[in-house]
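# Chain and residue survey
Spelled out, the chains give:
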Protein chains: 2
Amino acid sequence: MVTMRDVAKRVGVSVATVSRVLNDSGYVKEDTRKTVLAAIEEMNFKPNSVARSLFKKQSKTIGLIVPDINNPFFPQLARAVEDVTSEADFTVFLCNSDGKIEKEIRYFDRLQQKYVDGVLVVSNTLKPEHLSQYHFPIIALDRPLDSSLPYVTCNNYEGAQKATRHLLECGCGKIAHISGPENIANARDRLQGYKDVVSEVGLYDENLIIPAEYQIESAKRAAFKLLTNYPDIDGIFAGNDVMAIGVIKAAELLGYKVPEQLKVVGFDGIEFGDIITPELTTVSQPVYQMGSTAAAMLLDLIEGKPIHQKEITFQVELLVKRSTQT
Amino acid sequence: MVTMRDVAKRVGVSVATVSRVLNDSGYVKEDTRKTVLAAIEEMNFKPNSVARSLFKKQSKTIGLIVPDINNPFFPQLARAVEDVTSEADFTVFLCNSDGKIEKEIRYFDRLQQKYVDGVLVVSNTLKPEHLSQYHFPIIALDRPLDSSLPYVTCNNYEGAQKATRHLLECGCGKIAHISGPENIANARDRLQGYKDVVSEVGLYDENLIIPAEYQIESAKRAAFKLLTNYPDIDGIFAGNDVMAIGVIKAAELLGYKVPEQLKVVGFDGIEFGDIITPELTTVSQPVYQMGSTAAAMLLDLIEGKPIHQKEITFQVELLVKRSTQT
DNA sequence: TTGTAGGCGTTATCAT
DNA sequence: ATGATAACGCCTACAA
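Residue positions within a chain follow its written sequence, with the count starting from 1. Chain letters start at A and ligand numbers start at 1, both assigned in the order the entries are written. Two thresholds apply to this predicted model, a pLDDT of at least 70 for residue-level local features and 80 or more for giving and counting side-chain atom pairs, whereas whole-chain, interface and lining totals are computed over all residues. Each side-chain value is worked out from all heavy atoms of the structure, with water and hydrogens disregarded.

## A look at the overall build of chain A
- Within chain A, the secondary structure is distributed over 12 helices and 12 strands.
- Computation of the radius of gyration draws on C-alpha atoms, with the globule rule given as 2.2 Å multiplied by the number of residues to the power 0.38. For 326 residues, the compact-globule estimate of 2.2 N^0.38 gives 20 Å, and chain A exceeds it by more than 25% at 26 Å.
- With respect to the principal axes defined by its C-alpha atoms, chain A has extents near 85 × 40 × 30 Å.
- Burial status follows relative accessibility: with a 1.4 Å probe on protein chains alone, a residue under 20% of its type maximum counts as buried, one over 50% as exposed, and anything between as partly exposed. The buried share among the 326 residues of chain A stands at 54%.
- Once local pairs closer than 6 in sequence are excluded, the contacts in chain A between residues at least 24 apart make up 70%.
- Carbon and sulfur atoms form 49% of the exposed surface of chain A, whose accessible area is close to 13900 Å².
- Here Asp and Glu are counted as negative and Lys and Arg as positive; His is not counted, and neither are the chain ends. Each charge is placed at NZ for Lys, CZ for Arg, CG for Asp and CD for Glu. If you average the places of the 36 positive and of the 42 negative side-chain charges in chain A, the two averages end up 7 Å apart. Each helix is a run of DSSP H or I of at least 4 residues and each strand a run of E of at least 2, with the numbering of both proceeding from the N terminus. Any pair of residues with heavy atoms lying within 4.5 Å of one another is described as a contacting pair. Here, Shrake-Rupley sampling with a 1.4 Å probe gives the accessible areas, and only protein chains in the shown set may cover a residue.

## Quick word on the environment of valine 28 of chain B
Residues and elements named next belong to chain B.
- Among the structural elements, valine 28 can be located in the loop between α2 (15–22) and α3 (30–43).
- Once the C-alpha coordinates of valine 28 and glutamate 129 are considered, the two residues, 101 residues apart in sequence, prove to be 48 Å apart.
- If near-sequence neighbours (up to four positions away) are discounted, valine 28 is found in contact with Arg20, Val21 and Arg33.

## A few points about helix α6 (residues 101–113) of chain B
- With 13 residues, α6 of chain B extends 18 Å from end C-alpha to end C-alpha; this agrees with the ideal 18 Å at 1.5 Å per step.
- Listing the buried residues of α6 of chain B in full gives Glu104, Tyr107, Phe108, Asp109, Arg110, Leu111, Gln112 and Gln113 of chain B. To estimate the expected span of a helix, subtract one from its residue number and multiply by 1.5 Å.

## Looking at the relation of the copies chain A and chain B
- In this comparison the copies share one frame, found by least squares on the C-alpha atoms of residues holding pLDDT of at least 70 in both. Superposing chain A onto chain B takes a rotation of 180° combined with a translation of 0.0 Å along the rotation axis, leaving an RMSD of 0.1 Å. Such a combination of turn and shift is consistent with a two-fold rotation axis.
- A symmetric contact is evident, with 100% of the interface residues of chain A recurring at the interface of chain B.

## A closer look at the UniProt feature "domain: HTH lacI-type" (unreviewed entry) in chain A
- UniProt positions are given in the numbering used here, feature names are shortened, and annotations may be inferred rather than shown by experiment. With numbering aligned to this structure, UniProt lists the feature "domain: HTH lacI-type" (unreviewed entry) at residues 2–56 of chain A.
- The span residues 2–56 of chain A shows a helical share of 69% and a strand share of 0%, and its end C-alpha atoms are spaced 21 Å apart.

## Observations regarding the sheet that holds strand β6 (residues 175–179) of chain A
Residues and elements named next belong to chain A.
- Pairs of strands are assigned from DSSP output, requiring at least two bridges between the strands. Taken together, the 6 strands give an open sheet; going across it, the order is β7-β6-β8-β9-β10-β12, and neighbouring strands pair in mixed fashion. The strands lining the two open edges of the sheet, one partner per strand, are β7 (209–211) and β12 (317–319). Geometrically, the sheet is characterised by an average inter-axis angle of 20° between neighbouring strands, direction not taken into account.
- Pairing analysis gives 4 bridges linking strand β9 (residues 263–268) to strand β10 (residues 281–284), with the strands arranged parallel. In the strand pairing of β10, aspartate 268 is matched with serine 284.
- What counts as an axis is a line fitted to C-alpha atoms, over the stretch in contact for a helix, and the angles between N-to-C directions run from 0 to 180 degrees. Relative to the sheet, helix α8 (residues 156–169) contacts β6, β8 (235–238), β9, β10 and β12, its axis offset from that of β9 by approximately 165°.

## Details of the interface of chain A and chain B
- The interface is formed by 52 residues belonging to chain A together with 52 residues belonging to chain B.
- Of the roughly 4700 Å² buried between chain A and chain B on both sides combined, carbon and sulfur atoms contribute 52%.
- When two parts are put together, the accessible area they lose, computed with a 1.4 Å probe and summed over both, is reported as buried area. Looking only at chain A, the three residues that lose the most surface to chain B are Arg79, Gln113 and Ile275 of chain A, adding up to 15% of its buried area.
- Think of a salt bridge as a Lys or Arg side-chain nitrogen and an Asp or Glu carboxyl oxygen that are within 4 Å of each other. On the surface where chain A and chain B come into contact, there are 10 salt bridges.
- One salt bridge in this structure joins arginine 79 of chain A and aspartate 98 of chain B, with 2.9 Å as the shortest N-O distance.
- For this analysis, a polar contact is any N or O atom pair within 3.5 Å, provided that within protein one partner can donate a hydrogen and the other can accept it, and provided that sequence-adjacent residues contribute only side-chain to side-chain pairs. The interface formed by chain A and chain B contains 33 residue pairs in polar contact (both at pLDDT 80 or more).
- Elements with a minimum of two residues in the side of chain A that touches chain B: α4 (49–56), α5 (74–87), β2 (91–96), α6 (101–113) and α11 (241–253) of chain A.
- Three categories are distinguished: nonpolar for Ala, Val, Leu, Ile, Met, Phe, Trp, Tyr, Cys and Pro, charged for Asp, Glu, Lys and Arg, and polar for the others, with Gly belonging to the last. When its residues are assigned to classes, the side of chain A that touches chain B shows 22 nonpolar, 15 polar and 15 charged.
- Bridge analysis of β2 of chain A against strand β2 (residues 91–96) of chain B gives 3 bridges, and the strand direction is antiparallel. Residue pairing in the sheet places leucine 94 of chain A in a bridge with valine 92 of chain B of β2 of chain B.

## Looking at the sheet that holds strand β3 (residues 118–121) of chain B
- With respect to topology, 12 strands assemble into an open sheet ordered β11(A)-β5(A)-β4(A)-β3(A)-β1(A)-β2(A)-β2(B)-β1(B)-β3(B)-β4(B)-β5(B)-β11(B), the strand pairing being mixed. Edge strands, defined here as strands with exactly one partner in the open sheet, are β11 (311–314) of chain A together with β11 (311–314) of chain B. On average, each strand axis in the sheet is tilted by 20° relative to the strand beside it, whichever way the strands run.
- Taken together, the 6 bridges between strand β1 (residues 61–66) of chain B and β2 of chain B define a ladder with parallel strand orientation. Along β2 of chain B, the bridge assignment pairs leucine 64 of chain B with leucine 94 of chain B.
- Its contacts with the sheet place helix α5 (residues 74–87) of chain B against β2 of chain A together with β1, β2, β3 and β4 (138–141) of chain B, and it is angled at close to 80° to β2 of chain A.

## Some words on the side chain of serine 59 of chain B
Residue and element names in this part refer to chain B.
- Topologically, serine 59 is positioned in the loop between α4 (49–56) and β1.
- Accessibility expressed as a relative area gives 6% for serine 59, which makes it buried.
- There is a polar contact of 2.6 Å between the side chain of serine 59 and the backbone oxygen of tyrosine 115.

## Quick notes on the domain arrangement of chain A
Residues and elements named next belong to chain A.
- Segmentation of the chain into domains, including their bounds, is taken from an automatic or database domain assignment. Parsing chain A into structural domains produces domain 1 (4–47), domain 2 (61–154 + 287–314) and domain 3 (156–285 + 318–324).
- Taking only C-alpha atoms, the centre of domain 2 and the centre of domain 3 are 29 Å apart.
- On the domain 3 side, the residues contacting the 9 residues of domain 2 number 9 residues.
- Across the interface of domain 2 and domain 3, roughly 850 Å² is buried in total on both sides, 53% from carbon and sulfur atoms.
- When the buried surface of domain 2 facing domain 3 is broken down by residue, Pro72, Asn124 and Cys154 rank first, second and third, together holding 46% of it.
- Between domain 2 and domain 3 we count 0 salt bridges in total.
- Taken together, the residues that form the side of domain 2 that touches domain 3 break down as 5 nonpolar, 2 polar and 2 charged.

## Description of the protein's contact with DNA strand C
- Here a residue is near a molecule or strand as soon as one of its heavy atoms is found within 4 Å of it. Near DNA strand C there are 28 residues, and of these Thr17, Arg20, Tyr27 and Lys29 of chain A together with Arg52 of chain B occur at the shortest range.
- Close to the protein, within 4 Å, the atoms of DNA strand C belong to sugar or phosphate groups at a rate of 62%.
- In this structure, a phosphate oxygen belonging to DNA strand C sits 3.0 Å away from a main-chain N or O atom of asparagine 48 of chain B.
- Among the secondary structure elements, those contributing two or more residues to the surface near DNA strand C are α2 (15–22) and α4 of chain A together with α1 (4–11), α2 and α4 of chain B.
- Across the surface near DNA strand C, the residue classes tally to 13 nonpolar, 8 polar and 7 charged.

## Re the packing of α8 of chain A against helix α9 (residues 185–200) of chain A
Residues and elements named next belong to chain A.
- Interhelical geometry of α8 versus α9 gives an angle of 40° and a closest axis separation of 7 Å. Comparing the axis directions of α8 and α9 gives the class oblique. As α8 packs across α9, the resulting crossing turns out to be right-handed. Across from Asn156, Tyr157, Ala160, Gln161, Thr164, Arg165 and Leu168 in α8, the residues of α9 making contact are Asn186, Asp189, Arg190, Gln192, Gly193, Tyr194, Asp196, Val197, Val198 and Glu200.
- Broken down by class, the residue content of the contact of α8 with α9 amounts to 6 nonpolar, 6 polar and 5 charged. For this classification, under 35 degrees means roughly parallel, over 145 means roughly antiparallel, 65 to 115 means roughly perpendicular, and everything else is oblique. Left-handed is the label given to a crossing in which the near helix is rotated counterclockwise from the far helix by less than a right angle, and right-handed is the label when the rotation is clockwise.

## Looking at the protein's contact with DNA strand D
- Close contacts around DNA strand D come from 26 residues, with Arg52 of chain A together with Thr17, Arg20, Tyr27 and Lys57 of chain B the closest.
- Atoms of DNA strand D within 4 Å of the protein belong to the sugar or the phosphate in 67% of instances, the rest to bases.
- One nitrogen or oxygen atom from the main chain of alanine 51 of chain A is found 3.4 Å from a base nitrogen belonging to DNA strand D.
- Taking lysine 57 of chain B, its side chain carries an N or O atom lying 2.4 Å from a phosphate oxygen of DNA strand D.
- Put simply, the parts of the chain that give the surface near DNA strand D at least two residues each are α2 and α4 of chain A together with α2 and α4 of chain B.
- Residue composition of the surface near DNA strand D, by class: 13 nonpolar, 8 polar and 5 charged.

Laid out in C-alpha cells, this is it:
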C-alpha cells in the first residue's frame, strides 16, 4: 500500500506538499503540483481514508438502519440513499434491525465508533433519550421518531382516506380494514384515516377492523376471519400491499370474485402489486424520492448547511387498478 | 467523545493498561482490571475503531457489491451476508454497481481506501487483472468470475435441465425458452441446460429461443413474439422468475390458459412467485444459504483460516406449483 | 512556496 | 504488573 510518504520521497518533497496538492489547500508551485500529481498517478496512490478519518473525525460514511432489507419498500429506499450519497463520495453501511431496539442501539454504537457522519433510521421505538449520546445528525425515514428529530415520511393518514373513499365511490357498503402492527406509526395513521372516513358516512363498525402483521400469511388469516364472519363485506382496505395480496389470495380461496364481489385496496405501491391478478389498486408512496430526499437532507446536515425543513411529508397517490374496477 | 486517555487518567493508570484490559492481552492485576472496567462502564467509553483500524490495517468491515439491491434475490443475499458478518462484529458496506465495470472498480477503490477486510461481489465483467491490485480477499457471489477467485453459486445448468425435463414430463411437445442476458453467466448456463434437454429428445429449434432482459416487460414482449409466431407452443421455460411472470402476463393477454394450454416454469424461487395466479413453478435457489455461506467463507479468509473449498455450487430444487399442473 | 512537527486514538514493543 | 513511546497515514499550524 503506497502512502503519501512514498509519493513525497519519490518526488523529493515533503508529505505536507503532497497533502497540499491532494486537498489543494495552501500554496503549491504549479511545477511541483504537476510532478506530484504525476507521481500519484504513476504510483497509483490513493489516500488512506482511515487515517484521514482519524484526523478529521469524519469518515464520508453514513449508516442506514432498516428493519429488514428483505421487505419490499426497503430495497428501493436503500437504493435511493445509496445513489445520492455515493454521488457525494459517501459509502453506506447497511444495518438490519428487525425492528428490535437492542439491535438498533447496537448498530448506533458501532456506527459511532466508526465515525459515521450521519445515520438514516427506520424505527418505531427509538426515543430521543437513546439518541442523545450520538454526535452525528440522524434522520428518521418512513416513520417519524420524535418531534425533535428531522424526518421524511408520507401522508399515511390522507392516503388511507383516499383509499377508503375510493372504495365508497366504487359503491362498497361494508368496508373492512386489515390494519398493520399498532406499534408502527404509519399503521396507526392508516387505521385512523380509514376510521374517520367510514365514520363520516356512518359505516363505522369496529368488528370490521382486524389487526395483522405486515405479511401475506397473517393478512390471509385475517381476511379469512373477516369474510367468514361477515360474508357481505364488499370492500377491504389492507394496511399495505403485501397484506392486500394476502387478502386477494384468501378471497380467491373462499370463492369471492375480486373485484366483482369484493374490492381490495393496498398501500405502498410496491412493484409486485402489478403481478397479482387482478392488479392491485393501491396508494403509492414516492419511495425513491423519500429515500433520496432524506439522504440529501442528511448530507446537508453533515456539511452543516442550514436545513430548509425539518419535517418532510410526501403526498401519496391513489393508483386505481383492476382490483377495484368492475 | 471519551478516549482511552480519559479513562486512563480517571483511573490513574496508563493508556497501555487500559488497552490491555480492553483486549485482555498481557498481564493486568485483577484489581486494576476491575477498576478500569468500572471506569469504562461509567464513562461509557467505546474504543474508537477508526484509530484501531489505522493501526491494525483492518476495519471489521466488508463490502458487498451487487448490481442493484432492488432486484428480488439481492435483498435476500444482502440480508444473509449482513446476518453472518454482523454476528462476527463486522459491518457491511452496500454498493450498487448496476453491473457497470467502472462503478465496480470505483467501489473497489473506495473500499480499499477504507481498509475493508474483504469484499463479496456479484459481477459479470470483472477480470483478475482488475482485481490483482486489491489486497483483501474477494469472493464472487452468484456468478463465478474467474477460476482464480473463490465463488459461491448454484447449479444453473442442472436447474435448467430439471425445468425443461419437467415440462417434457408434463407432456409439452413444443417448449420455448426466454433466455437472460448472454453476458450473464447464469443465463448462459440456463440456456445450455435447456438446449441440451430439448436436443436429447429431438425438440431443439433455435426459433423457440428468444433473449430478453431479466425483467417483466422485456419478457412479456418476448413471450408475445413467441406465442404469436408459434401459437402451438405449450411450454415456456423462462430464464428467471421475473421473466416468467412476464410470460404469464403475456399469455393471459393473448387468451392462453396457464397451465391448461401453456405451462410456465421460472428460475430463482423468489418470494413473489407465489403471488401470481397461477402460482409459479420454479427452480429455487437456496439464496439465503448462498449468501451466508459466502459470508462465512469470507470471514474465514479474512482470519487467515484455511478454506475447505474454493468453489461452492449449491444444488437447486424444482418447486412444482400450479403454473405447470393441469 | 515548502518543510517540520505534533496530534488524531489505538496497539505493541520494550523497559522498568 | 505497569508505563513510556513509537508507530499507523494523514492533516495543519507554525516556521523557515
